[in-house]
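# Structural overview for review
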Amino acid sequence: MTTTTDGGQDHPMRPAMFRGWRRKCPNCGSGPMLSGYLKVRDTCAVCDEPLHHHRADDGPAYLTILFVGHLMAPLILIAFVKYRPAPIVLATIFTVGCVALSLYLLPRLKGVIVAIQWAKRMHGFGEDTA
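Reference entry: report on the structure contained in this document. (Residues numbered from 1 in each chain as written. Predicted model: local features only at pLDDT ≥ 70, side-chain atom pairs only at ≥ 80, totals over all residues. Heavy atoms only, no water.)

### Quick notes on a nonpolar patch on the surface
Where nonpolar side chains cluster on the molecular surface, the patch consists of Tyr37, Val99 and Leu103 and spans about 290 Å² of accessible area. Counting through the fold element by element, Tyr37 comes out in the loop between α1 (13–21) and α2 (59–83). (Patch = residues over 30% accessible without salt bridge, like charges linked within 9 Å, V, L, I, M, F, W, Y side chains within 5 Å. Areas by Shrake-Rupley, 256 points an atom, 1.4 Å probe, with all protein chains shown as cover. Salt bridge = Lys/Arg side-chain N within 4 Å of Asp/Glu carboxyl O. Helix = DSSP H or I, 4+ residues; strand = E, 2+ residues; numbered from the N terminus.)

### Remarks on the pattern of salt bridges
Oppositely charged side chains are able to pair whenever their charged atoms sit close together. Counted according to the given criterion, the structure contains one salt bridge. A salt bridge links Lys120 to Asp10, with the shortest nitrogen-to-oxygen separation between them at 3.3 Å. Separated by 110 residues along the polypeptide, Lys120 in the segment after α3 (87–119) and Asp10 in the segment before α1 bring together distant segments of the chain.

### Some points on unusual backbone geometry
Residue Arg121 is not a glycine yet carries a positive backbone phi of 55°. As for its position among the elements, Arg121 is in the segment after α3. Taking the relative accessible area as the measure of exposure, Arg121 reaches 25% and is therefore partly exposed. Even without glycine at this site, His123 takes up a positive phi of about 55°. As for its position among the elements, His123 is in the segment after α3. (Buried < 20%, exposed > 50% of the residue type's maximum accessible area, 1.4 Å probe, protein only.)

### Overview of the state of the cysteines
Inspection of the entire model under this criterion finds zero disulfides. Summary of cysteine pairing: Cys47 is not part of a disulfide, and the nearest cysteine sulfur, belonging to Cys44, is at 3.6 Å. (Disulfide = S-S within 2.5 Å.)

### Observations concerning the side chain of Thr64
Positionally, Thr64 belongs in helix α2. A relative accessible area of 4% means that Thr64 is categorised as buried.

### Observations regarding α2
Between the first and last C-alpha of α2 there are 35 Å, a value that for 25 residues agrees with the 36 Å anticipated at 1.5 Å per step. Along α2, the residues classified as buried are Pro60, Thr64, Val68, Met72 and Ala79. Packing partners of the buried residues in α2 comprise α3. Of the residues flanking the end of α2, it is Arg84, one or two places downstream, whose phi is positive at about 50°. (Expected span 1.5 Å × (residues − 1). Contact = heavy atoms within 4.5 Å.)

### Description of α3
Along its 33 residues, α3 runs 46 Å from first to last C-alpha, staying within 8% of the 48 Å computed at 1.5 Å per residue. Leu105 marks the point of greatest bend in α3, at about 30°, and the proline Pro107 comes within the next four residues. Just past α3, the residue Arg121 takes up positive phi, approximately 55°. (Bend = angle between axes of the 7 residues up to and from the residue.)

### Digging into the packing of aromatic side chains
One pass over the structure, following the stated rule, counts one aromatic pair. When the centroid spacing of 6.3 Å and the interplanar angle of 75° are considered together, the rings of Trp21 and Tyr104 count as edge-to-face. One end of the pair, Trp21, is in helix α1; the other, Tyr104, is in helix α3, and 83 residues separate them in sequence. You can call Trp21 partly exposed: its relative accessible area is 31%. (Phe/Tyr/Trp six-rings, centres within 6.5 Å; stacked < 30°, edge-to-face > 60°.)

Right, here's the structure in full:
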């Protein structure tokens, strides 16, 4: 653990990120972090850890675009060069693949970003509420 600027201790990063990837509370790992597809709960339903401090904003979307683009672009090129499918077939297959991968990654990457903020005590996480 490292010390933050306010004297508090950071939480362990790796377990928090793993819990965030699973869309669970970064504190207890058992309560759901999200109340919908992307809506972060105000508090954990199990341990009452406040989660409303998060500032994920556009980070998950940028990371999703980054990962999907860097994965699918080479695959499109390989498929086109090796198999020479009709353009409509190539476009249809990779459109469905890109949308499916994006829908899978987006809530998980949001969970990871919220968990990183929680672990590093950013944006109000870790402040005493008493």
